[in-house]
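Okay, here's what each chain looks like letter by letter:
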Amino acid sequence: MSEKTKPFEKELIIKSSTDNLSVIRDFAKNAAKESGFSDDEVGKIVLAVDEACTNVIKHAYKYAPEGEMSVKIIYDTSKFSIVISDEGADFDPGLIPEPNLKEYHKQKRIGGLGMFLMKKLMDEVIYREKVNNKNEVILVKYMV
Amino acid sequence: MDIKEEKNEKYFVLSIVGRLDASTAGAFEEKLLSVIDSGEKKLLINFGELDYISSSGLRVLLVGAKKVKALEGKIALCDLKSHIMEVFEIAGFTPIFDIYSTYEEAINS
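All values derive from a computational prediction rather than experimental measurement. Note on numbering: residues in each chain are counted from 1, in written sequence order. Chains and ligands are labelled sequentially in the order written, the chains with letters from A and the ligands with numbers from 1. Predicted model: local features are reported for residues with pLDDT of at least 70 only, side-chain atom pairs are reported and counted for 80 or more only, and whole-chain, interface and lining totals are derived from all residues. The basis for every side-chain value is the complete set of heavy atoms in the structure, and neither hydrogens nor water enter the calculation.

Regarding the overall build of chain A
(1) Moving on: Looking only at helices and strands, chain A features 4 helices and 5 strands.
(2) Moving on: Overall, chain A shows an N-to-C arrangement of helices and strands of β-α-α-β-β-α-α-β-β.
(3) Moving on: Throughout this description, buried means an accessible area under 20% of the type-specific maximum (1.4 Å probe, protein chains only), exposed means over 50%, and partly exposed covers the range between. For chain A, the proportion of its 144 residues judged to be buried stands at 50%.
(4) Moving on: Sequence separation of at least 24 residues holds for 63% of the intrachain contacts in chain A that already meet a minimum separation of 6.
(5) Moving on: We get accessible surface area from the Shrake-Rupley algorithm with a probe of 1.4 Å; when it comes to residues, only the shown protein chains can shield them. Carbon and sulfur atoms make up 49% of the accessible area of chain A, which totals about 7300 Å². Strands are runs of DSSP state E lasting at least 2 residues, helices are runs of H or I lasting at least 4, and numbering of each runs from the N terminus. Note on contacts: a residue pair qualifies if any of its non-hydrogen atoms lie within 4.5 Å across the two residues.

Structure follows, in structure tokens:
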């Protein structure tokens, strides 16, 4: 389905305000569509990107809206990657436990749902800490 | 996002219009909790005009569900678009709520 689209890279640099999430979603949506994903897959990619950026805003910048984040999309015909980087506080995904859903619903555990969704929605979720002084999360969806 | 409210014989109804993400979930949480605090225990959230939900919106629904459950009430949902229903399924949230296909079905059940 994707043979017609040539490889591309696009980057959005944007402030860490939750008001910008809709701009980020539109950016991811357009790139995913251009890469030939179905509407269903586009929706999943958009939600995963939203969750990753929401985590950056919440955890790396503690809701301070003046931080800078980059959303870079790299499409190379075999895979579609979204690299989200920030210069905020270190983010240790190990500190946010993946919820055991049964326990999650019983208790008032409210952290970790975004990350749980990202892992369900994407083929790969990779965290890299402090590369060039930046935190990075990479979301990958393979083209089929 | 806008929230419309109405009360019928069966439910206090909140209809959410637009998108429920980290930028709007706070306003929704405030409204939902104030309705519960005012004594309403049977709530219906109408999703007919909701186009998008992220975990920030799901989290608010979970907080509300726990709060009304402690009061022996419940939160029902209706008219979820298929892509929103899919998010509920992926998150494992469908067993928590009574989910009706349409507003009429929720009212008449």
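From this point, things continue past the structure.
Here's the deal with the confidence of the model for chain A
Residue and element names in this part refer to chain A.
(1) Moving on: Here chain A averages 87 in pLDDT, and 82% of its residues register 70 or above.
(2) Moving on: Known as pLDDT, the predictor's per-residue confidence is scaled from 0 to 100. For chain A, helix H3 (residues 101-106) is the element with the lowest average pLDDT, namely 53, and helix H1 (residues 21-34) is the one with the highest, namely 98.
(3) Moving on: Considering only residues more than four positions removed or in separate chains, one finds that residues 106-110, a stretch of pLDDT under 50, has 9 contacts.

Looking at the packing of aromatic side chains
(1) Moving on: Think of it this way: a Phe, Tyr or Trp ring, Trp meaning its six-membered ring, pairs with another when their centres are within 6.5 Å, and the plane angle makes it stacked under 30 degrees, edge-to-face over 60, tilted otherwise. The full count for this structure, using the stated rule, is 5 aromatic pairs over all chains.
(2) Moving on: Here the aromatic rings of Phe8 of chain A and Tyr75 of chain A are separated by 5.2 Å at their centres, their planes lie at 35 degrees, and the arrangement is tilted. With a gap of 67 residues between them, Phe8 of chain A in strand E1 (residues 8-15) and Tyr75 of chain A in strand E2 (residues 68-75) connect regions that are remote in the sequence.
(3) Moving on: Residues Phe88 of chain B and Phe97 of chain B carry aromatic rings whose centres are separated by 6.3 Å and whose planes lie at 75 degrees to one another, so their mutual orientation is edge-to-face.

Re the interface of chain A and chain B
(1) Moving on: Counting residues at the interface gives 26 residues for chain A and 21 residues for chain B.
(2) Moving on: What counts as a salt bridge is simple: a side-chain nitrogen of Lys or Arg found within 4 Å of a carboxyl oxygen of Asp or Glu. Counting every contact that joins chain A to chain B gives 2 salt bridges.
(3) Moving on: For Arg25 of chain A, the salt bridge identified is with Asp21 of chain B, shortest N-O distance 2.7 Å.
(4) Moving on: Pairs of N or O atoms within 3.5 Å make up the polar contacts considered here, provided that, within protein, one atom can donate a hydrogen while the other can accept it, and that residues adjacent in sequence are counted only when both atoms are side-chain atoms. The tally of links from chain A across to chain B stands at 4 residue pairs in polar contact (both at pLDDT 80 or more).
(5) Moving on: Counting residues per element, the ones that place at least two in the side of chain A that touches chain B are H1, helix H2 (39-60), H3 and helix H4 (113-121) of chain A.
(6) Moving on: No other element matches H2 of chain A, which puts 7 residues into the side of chain A that touches chain B.
(7) Moving on: Partitioned by chemical class, the residues of the side of chain A that touches chain B number 10 nonpolar, 6 polar and 10 charged. Each residue receives one of three labels: charged for Asp, Glu, Lys and Arg, nonpolar for Ala, Val, Leu, Ile, Met, Phe, Trp, Tyr, Cys and Pro, and polar for the others, Gly being one of them.

A closer look at the side chain of Ser55 of chain B
(1) Moving on: Following the sequence through the fold, Ser55 of chain B ends up in helix H2 (residues 55-70).
(2) Moving on: Note on Ser55 of chain B: relative accessible area 8%, which makes it buried.
(3) Moving on: Sequence-distant contacts of Ser55 of chain B, that is, excluding residues within four places in its chain, are made with Glu51, Leu113, Gly114 and Leu117 of chain A.

Thoughts on the sheet that holds strand E4 (residues 124-131) of chain A
All names here are of chain A.
(1) Moving on: Whether two strands pair comes down to DSSP finding at least two bridges between them. Within the open sheet, the 5 strands sit side by side as E1-E2-E3-E5-E4. Their pairing is antiparallel. Edge positions in the open sheet fall to E1 and E4, since each of these has one partner strand only. Across the sheet, the mean angle from the axis of one strand to that of its neighbour is 15 degrees, orientation sign disregarded.
(2) Moving on: With 8 bridges joining them, E1 and E2 adopt antiparallel strand pairing. Counterpart to Lys10 in the pairing with E2 is Ile73.
(3) Moving on: Inter-axis angles, ranging from 0 to 180 degrees, are taken between N-to-C directions of lines fitted to C-alpha atoms, where helices are fitted over the stretch in contact. On top of the sheet, H1 reaches E1, E2 and strand E3 (79-86); it is set at about 175 degrees to E1, its chief contact.
(4) Moving on: H4 contacts E4 and strand E5 (134-142) of the sheet and is inclined by roughly 125 degrees relative to E4.

Re the pattern of salt bridges
(1) Moving on: Taken as a whole, this structure holds 15 salt bridges over all chains when the rule is applied.
(2) Moving on: Residue Glu41 of chain A pairs with Lys141 of chain A through a salt bridge whose shortest N-O separation is 3.1 Å. A residue pair is termed long-range when its members are at least 10 positions apart, and Glu41 of chain A in helix H2 and Lys141 of chain A in strand E5 qualify at 100 residues.
(3) Moving on: Among the residues examined, Glu41 of chain A registers a relative accessible area of 22% and is labelled partly exposed.
(4) Moving on: In this structure Lys141 of chain A comes out as buried when scored by relative accessible area, which is 6%.
(5) Moving on: A salt bridge links Asp37 of chain B to Lys67 of chain B; its shortest N-O distance comes to 2.9 Å. Taken together, the residues Asp37 of chain B in helix H1 (residues 25-37) and Lys67 of chain B in helix H2 connect sequence positions 30 residues apart.
(6) Moving on: Connected through salt bridges with shared partners, the residues Arg25 and Asp50 of chain A together with Asp21 of chain B form a single ionic network.

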